[in-house]
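Observations on the three-dimensional arrangement
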Amino acid sequence: MFMAELAARKHVQFILSKAKEKDSYESVLMEHIRLNGAYWGLTTLDLLGKLDTVDVNEVVSEVLQCQHESGGFGGNIGHDPHILYTLSAVQVLALFDKVDVLDTEKVANYVAGLQNEDGSFSGDMWGEVDTRFSYIAICCLALLHHLDKINVEKAVYYILSCKNHDGGFGCTPGGESHAGQIFCCVGALAITGSLHCIDKDLLGWWLCERQVKAGGLNGRPEKLPDVCYSWWVLSSLIMIDRVHWINKEKLAKFILDCQDIENGGISDRPDDACDAYHTYFGVAGLSLLEYPGVKPIDPAYALPVDVVNRIILGIKE
Ligand code: GRG
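The rules behind the values
- Within every chain, residues take consecutive numbers counted from 1 along the sequence as written.
- Per-residue local features are limited, in this predicted model, to residues with pLDDT of at least 70; the limit for side-chain atom pairs, both in listing and counting, is 80 or more; totals at the level of whole chains, interfaces and linings are taken over all residues.
- Hydrogens are left out, water is left out, and the side-chain values use all remaining heavy atoms of the structure.
- UniProt positions are given in the numbering used here, feature names are shortened, and annotations may be inferred rather than shown by experiment.
- Paired rings are identified among Phe, Tyr and Trp, the last through its six-membered ring, by centres lying within 6.5 Å, and are further divided according to the angle between planes into stacked (under 30 degrees), edge-to-face (over 60) and tilted (the rest).
- Runs of E in the DSSP output that reach at least two residues are strands. Runs of H or I that reach at least four are helices, and both are numbered from the N terminus.
- Note on classification: 1.4 Å probe, protein chains only; a residue is buried when its accessible area is under 20% of the maximum for its type, exposed when over 50%, partly exposed between these limits.
- Put simply, a charge is over a ring when the Lys NZ or the Arg CZ is close to the ring centre, within 6 Å, and near the line of the ring normal, within 35 degrees.
- An axis is simply a line fitted to the C-alpha atoms; with a helix, the fit covers only the stretch in contact. Between two such axes, the angle follows the N-to-C directions and lies from 0 to 180 degrees.
- For classification, angles of less than 35 degrees are called roughly parallel, those exceeding 145 degrees roughly antiparallel, those between 65 and 115 degrees roughly perpendicular, and all remaining angles oblique.
- Crossings are classed by handedness, with left-handed meaning an anticlockwise turn of the near helix from the far one by less than a right angle and right-handed meaning a clockwise turn.
- Working rule for contacts: check all heavy atoms of both residues, and any pair within 4.5 Å makes them a contact.
- Each residue is assigned to one of three groups, with Ala, Val, Leu, Ile, Met, Phe, Trp, Tyr, Cys and Pro labelled nonpolar, Asp, Glu, Lys and Arg labelled charged, and all others, Gly among them, labelled polar.
- When we say a residue is near a molecule or strand, we mean one of its heavy atoms is within 4 Å of it.
- Any pair of N or O atoms that falls within 3.5 Å is considered a polar contact. Within protein, one atom must be able to donate a hydrogen and the other to accept it, and sequence-neighbouring residues count only if both atoms are side-chain atoms.
- Using a 1.4 Å probe, accessible areas were evaluated by the Shrake-Rupley method; residue-level cover was limited to the displayed protein chains.

- The chain is annotated in an unreviewed UniProt entry as Geranylgeranyl transferase type-2 subunit beta of Rosa chinensis.
- Comment text from UniProt for the chain, heading Sequence similarities (unreviewed entry), reads "Belongs to the protein prenyltransferase subunit beta family."

Okay, structure coming up:
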């Protein structure tokens, strides 16, 4: 089924070299989201079977240095806490089976404290509300075994209030449907066992229309395809059991065409510059497509399946 080949070794080198860069223009741009970068890079390495090339203690110590006294995590050392980086911290520790280095109750209290009266979640103390934060809170609390700290029913109700007539979901009620927000809403509904609240055929139709002629996926109508939507769209289609509605071979070819086979890395579209974000979502997309040699990833938790089995189901391999 797969015509082109994944340059896995090159991508591992690309990720490892990005982690070491300290002064490049790109690393300065990434500074405020270092924990997100760690999640993208380390999950890529795990999916490619190379997580053992990094020093666990170094990673754990770097993650812990980003924790704030409130229990939440900032994007880098000394930065203000935000729910976005708190999930990345928990996911990175989960990859190494090190969630227990945390005071999980304290982290969970930080996340739960961001739930609003209407069931929605703010990203931090400044109050911006977005369905991204609903997903993050639910995913994070599930990984910490503390979903009981929030009102799940209200959280689900709020997410459903962001559902549109086209079957998709937006950031807030009435917000335009966008594949990234759809992943968040469908993921949160999957984790809380609420997928029956979705019209799967209607949403599946909207999602499969995201595939353009070249095989790649866009995030909403009339937009250009981008490798990252291989994750946001495909994971959602898998969760609602409609992945057979897109052409998987053409999508795999599009992702593989976005590789830099000389220097490693994957870009948004063929021949653009590569970065850790698109490399991760490209490899994660191939994982969802069951590309040989890439570990399977869980579409709701966005972590390798063995990691989710260990944490959520308590299955040790
Ligand atoms: C653990 C995988 C994981 C995610 C955590 C942060 C988050 C939860 C989800 C983000 C979902 C999201 C909104 C993704 C979309 C990102 C993106 C490429 C936005 C670009 O939007 P536009 O409007 O681009 O600039 P388009 O493609 O619409 O032109």
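Notes on the packing of aromatic side chains
- Taken as a whole and assessed by the stated rule, the structure comprises 9 aromatic pairs.
- For the pair Trp231 and Phe281, a centre-to-centre distance of 6.5 Å together with 40 degrees between the ring planes defines the contact as tilted. Within this pair, whereas Trp231 is found in helix α11 (residues 228–239), its partner Phe281 is found in helix α13 (residues 276–288), the two being separated by 50 residues in sequence. Neither Trp231 nor Phe281 differs from the other in exposure class; each is buried.
- Of the residues examined, Phe281 reaches a relative accessible area of 4% and is grouped as buried.
- Among the aromatic residues, ring-to-ring pairing joins Tyr39, Trp40, Tyr135, Phe183, Trp231, Trp232, Tyr277, Tyr280 and Phe281 into one connected group.
- We note Arg210 situated over the ring of Trp206; from NZ or CZ to the ring centre the distance is 4.4 Å.

Overview of the packing of helix α8 (residues 152–160) against helix α9 (residues 179–191)
- Packing of α8 against α9 leaves a shortest axis separation of 10 Å and a crossing angle of 150 degrees. Between α8 and α9, the interaxial angle falls into the category roughly antiparallel. Judged by the sense of rotation from one axis to the other, the crossing of α8 with α9 is left-handed. Between α8 and α9, the residues in contact are Val156, Ile159 and Leu160 and Cys185, Ala188 and Leu189, respectively.
- Its residues assigned to classes, the contact of α8 with α9 comprises 6 nonpolar, no polar and no charged.

Some words on the site of the ligand
- Around the ligand sit 18 residues in total, of which Gly180, Gln181, Arg220, Lys223 and Tyr229 are the nearest.
- Here Arg220 contributes a side-chain N or O atom positioned 2.5 Å from an oxygen atom of the ligand.
- Tyr229 is positioned with one of its side-chain polar atoms (N or O) 2.7 Å from an oxygen atom of the ligand.
- Here the ligand, which alone exposes 750 Å², has 72% of that area covered by the protein.
- Here the shell around the ligand is built from residues that sort into 11 nonpolar, 4 polar and 3 charged.

Section: the side chain of Ser236
- Along the polypeptide, Ser236 turns up in helix α11.
- In this structure the side chain of Ser236 is engaged in a polar contact, spanning 2.7 Å, whose partner is the backbone oxygen of Trp232.
- For Ser236, the residues in contact, after removing those within four places along its chain, are Ile182, Phe183, Val186 and Leu207.

Considering the side chain of Ser287
- Within the fold, Ser287 resides in helix α13.
- In contact with Ser287, not counting residues within four places along its chain, are Leu47, Val294, Lys295, Pro296 and Ile297.

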